[in-house]
Amino acid sequence: MHGNCQGREDARREGECGAVALLSTTAFILRVDALSEKDVALTLLTRDGGVVRAALRGGRRRFRRGALLELLTEVSVTLFQKEGSDLARADGLELVRSAFDLASRAETAMLLPYVAESLSTFLPEAETAPEAYRLVRHVLDALEAGAPPDLTTRYFEAWLLRLAGLLPGGTECAGCGRDLSSGGARFDPELPGLVGNECAPSGAVPVAGAALRLLADVRRSRLDDLARREVGDAPSLRALEGLLREVRRRFLGHELKSYRFLETLSGGS
Ligand SMILES: [Zn+2]
């Protein structure tokens, strides 16, 4: 249809071939789907435009070669919108930061698909999400510096669910504002939010004290700082995992595929 519109320079000229540059930005690769024999559809978390789906010409060849299209690899990219097409087009993809090291380490490899699937599930498309972008960079940096994968996973989940509005606020009662560190707390999926027993409706889910204490730490501190202080013993991490799983499942009505796999793997340890 636009046979003379292959080149990047051509397409850059606004209006030509009906392709208009949306933005040049950096992005994390969240998902790669085959689109045709040669092309792929990328799901990207962009720094400036949130989650965007875009077609990449010749992407299957680049995917097979590896590295560039690894999940959570950070790339720079220019996105174009074509008239009459709801799928943007990605061009000029360049590597910024590879996730290859994390993908090739046994203890972090399974986390990448989970983080990527969580982002594409909980962030709405085409809504700017600068905090989520910074969260991903922060989490990947901490993992590379040796932060424990289980603490990292809970930190990521707690912040993503907050950004998605499913577990807002800190550890104060959403009903009366009192500090929940003592006296019993529940998760109210209708709000959604944490409430004290005194403000909880009958269907609210009990939350363990250990989960709340770790959540308070996660809300207050950076991940690298928590890792350095060795915050989060095994029972607290399990308790917080239970709360976050409940929040996620109440909202989705099911579990993420990559989480089920993660769970299977860690179930034996
Ligand atoms: Zn209350």
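This text gives an overview of the structure that appears in the document. These numbers come from a predicted model, not from an experiment.

**With respect to the environment of threonine 43**
So, step 1. Structurally, threonine 43 is set in strand S2 (residues 40-46).
So, step 2. Its relative accessible area of 6% is what places threonine 43 among the buried residues.
So, step 3. Placed 13 residues apart in sequence, threonine 43 and leucine 30 show a C-alpha to C-alpha distance of 5.3 Å.
So, step 4. Leaving out residues up to four positions away in the same chain, threonine 43 has contacts with Phe28, Ile29, Leu30, Arg31, Val51, Val52, Arg53 and Ser120.

**Focus on the coordination of the zinc ion**
So, step 1. The coordination sphere of the zinc ion, as far as protein atoms go, consists of Cys173 (SG), Cys176 (SG), Glu198 (OE) and Cys199 (SG), spread over 2.1 to 2.3 Å.
So, step 2. Viewed at the metal, the 4 donor atoms of the zinc ion are separated by angles of 94 to 122 degrees, and the geometry they form is tetrahedral.
So, step 3. Going along the chain, you hit the donors of the zinc ion in the pattern C-x2-C-x21-E-C. Highlighted residues: cysteine 176 in the loop between helix H7 (149-163) and strand S6 (185-188) and glutamate 198 in the loop between strand S7 (193-196) and strand S8 (205-207), separated in sequence by 22 residues.

**Notes on the layout of surface pockets**
So, step 1. A volume near 290 Å³ is recorded for the second largest pocket.
So, step 2. Mapped onto the lining of the second largest pocket, the elements with two or more residues apiece are strand S1 (19-34), strand S3 (50-56), helix H5 (111-122) and helix H11 (257-267).
So, step 3. Ranked by the residues each element gives to the lining of the second largest pocket, the list is headed by H5, at 4 residues.
So, step 4. A per-class count over the lining of the second largest pocket returns 6 nonpolar, 3 polar and 5 charged.

**Topic: the sheet that holds S8**
So, step 1. Taken together, the 3 strands give an open sheet; going across it, the order is S7-S6-S8, and neighbouring strands pair in antiparallel fashion. Each having just a single partner strand, S7 and S8 make up the two edges of the open sheet. Averaged over all neighbouring strand pairs, the angle between strand axes comes to 40 degrees, with direction disregarded.
So, step 2. Running at roughly 65 degrees to S8, helix H8 (residues 209-220) makes contact with S6, S7 and S8 of the sheet.

**Focus on the side chain of glutamate 241**
So, step 1. Summarising the element assignment, glutamate 241 is placed in helix H10 (residues 234-252).
So, step 2. For glutamate 241, a relative accessible area of 18% gives the class buried.
So, step 3. The residues contacting glutamate 241, other than those within four sequence positions of it, are Arg154 and Tyr259.

**Some points on the nonpolar core**
So, step 1. By size, the foremost hydrophobic cluster in this structure holds 59 residues, and its most contacted members are Leu45, Leu72, Leu119 and Leu194.
So, step 2. Considering every element that reaches this core, the biggest residue donor is helix H6 (residues 130-144), with 8 residues.
So, step 3. The two domains that each donate at least three residues to this core are domain 1 (9-98) and domain 2 (101-269).
So, step 4. Here leucine 194 is in contact with Leu167, Gly170, Glu172, Cys173, Ala174, Leu180, Arg186, Phe187, Val207, Leu212, Leu215 and Leu243, once residues within four sequence places are set aside.

**Structural notes on the side chain of arginine 137**
So, step 1. Here arginine 137 lies in helix H6.
So, step 2. What arginine 137 contacts, discounting residues up to four positions off in sequence, is Phe28, Glu74 and Arg97.

**Considerations on the packing of H7 against H10**
So, step 1. Interhelical geometry of H7 versus H10 gives an angle of 35 degrees and a closest axis separation of 10 Å. In the packing of H7 onto H10, the handedness of the crossing is left-handed. Across the interface between the two elements, Asp150, Leu151, Arg154, Glu157, Ala158 and Leu161 of H7 pack against Leu237, Leu240, Glu241, Leu244, Val247 and Arg248 of H10.
So, step 2. Its residues assigned to classes, the contact of H7 with H10 comprises 7 nonpolar, no polar and 5 charged.

Cut-offs applied
Residues numbered from 1 in each chain as written. Predicted model: local features only at pLDDT ≥ 70, side-chain atom pairs only at ≥ 80, totals over all residues. Heavy atoms only, no water. Helix = DSSP H or I, 4+ residues; strand = E, 2+ residues; numbered from the N terminus. Buried < 20%, exposed > 50% of the residue type's maximum accessible area, 1.4 Å probe, protein only. Contact = heavy atoms within 4.5 Å. Donors = N, O, S within 2.8 Å, 3.2 Å for Na, K, Ca; no water. Tetrahedral: all angles 85-135°; square planar, octahedral: opposite > 155°, others 65-115°. 1 Å grid on protein atoms, 1.4 Å probe; cavity = no way out; pocket = protein on both sides within 12 Å on 5 of 7 lines; lining within 4 Å. Points joined across faces, edges and corners; volume = space filled by probe spheres on them. Nonpolar A, V, L, I, M, F, W, Y, C, P; charged D, E, K, R; others polar. Pairing = 2+ DSSP bridges. Axes fitted to C-alpha atoms, helices over the stretch in contact; angles between N-to-C directions. Core = buried A, V, L, I, M, F, W, Y, C linked by side-chain atoms within 4.5 Å. Domains from an automatic or database assignment. Left-handed = near helix turned anticlockwise from the far one by under 90°.

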